[in-house]
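# Descriptive structure summary
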Amino acid sequence: PAVLRIYGYSYDEFVRLAPTDYIHPDSFPRFASYLETLRANQPFQCQNVNIRKDGTLFDLEVFATTCTYNNKPHGLAILRDISDRKQAENALRKSETQLAEQQETLKAILNAAPIWIWMSNLKNQIQFVNKTFCENVGIPAIRFIESEHYRDFLGDEIAANCQASDSACLAQET
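Let me begin by describing the structure that accompanies this report.

Definitions and limits used
- Residues numbered from 1 in each chain as written.
- Predicted model: local features only at pLDDT ≥ 70, side-chain atom pairs only at ≥ 80, totals over all residues.
- Heavy atoms only, no water.
- Helix = DSSP H or I, 4+ residues; strand = E, 2+ residues; numbered from the N terminus.
- Buried < 20%, exposed > 50% of the residue type's maximum accessible area, 1.4 Å probe, protein only.
- Contact = heavy atoms within 4.5 Å.
- Salt bridge = Lys/Arg side-chain N within 4 Å of Asp/Glu carboxyl O.

### Some thoughts on the side chain of S83
- Residue placement: S83 occurs in helix α5 (residues 83–112).
- The class of S83 is buried, set by a relative accessible area of 13%.
- If near-sequence neighbours (up to four positions away) are discounted, S83 is found in contact with F58 and D59.

### Observations concerning the pattern of salt bridges
- By the definition in use, this model includes five salt bridges.
- Taking the shortest distance from any N to any O, the salt bridge between K53 and E13 comes out at 2.7 Å. Of this pair, K53 sits in the loop between β1 (44–51) and β2 (57–69) while E13 is found in helix α2 (residues 11–15), placing the two residues 40 residues apart along the sequence.
- On the accessibility criterion, K53 (43% relative accessible area) is partly exposed.
- Note on E13: relative accessible area 29%, which makes it partly exposed.
- Note that R52 and D81 form a salt bridge whose closest N and O atoms lie 2.5 Å from each other. Taken as a pair, R52 in the loop between β1 and β2 and D81 in strand β3 (residues 72–81) lie far apart in primary sequence, 29 residues in all.
- For D81, a relative accessible area of 31% gives the class partly exposed.

In structure tokens:
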């Protein structure tokens, strides 16, 4: 059975084990919930940390339900090793955190610059405007962000200059 490959035991070894031998202590409450739920004849699902024969920890997803076998109630569980998925999720969270930190650093640098800096999308909607720009034109950043187009409040001449600058930037090859 696949469960033997997941845990690393032979059949004879595995059937002699108590659940506490292969379930991590942090997951004991979920195992108790598993038993209670199946006794109530309800389906069960959770994620646990379990222990392989060699002592390594791994993440396990459990789907379980009750069934009748030889006229007796039994629990039927599908177990899936989700260690790779959990590692990928953790790596993604770490990358997202690093990206957010880098964005904050960049924003701080741009806000400290003594020149006007803004970023707009292809519809000329402002996505970012630095502190210097806001202070020089006397308009808060939120008004730029919420506006359909910066020409709505910058005036035709300044808006035309900004739009020309945007077009020049977009025309450059990266």
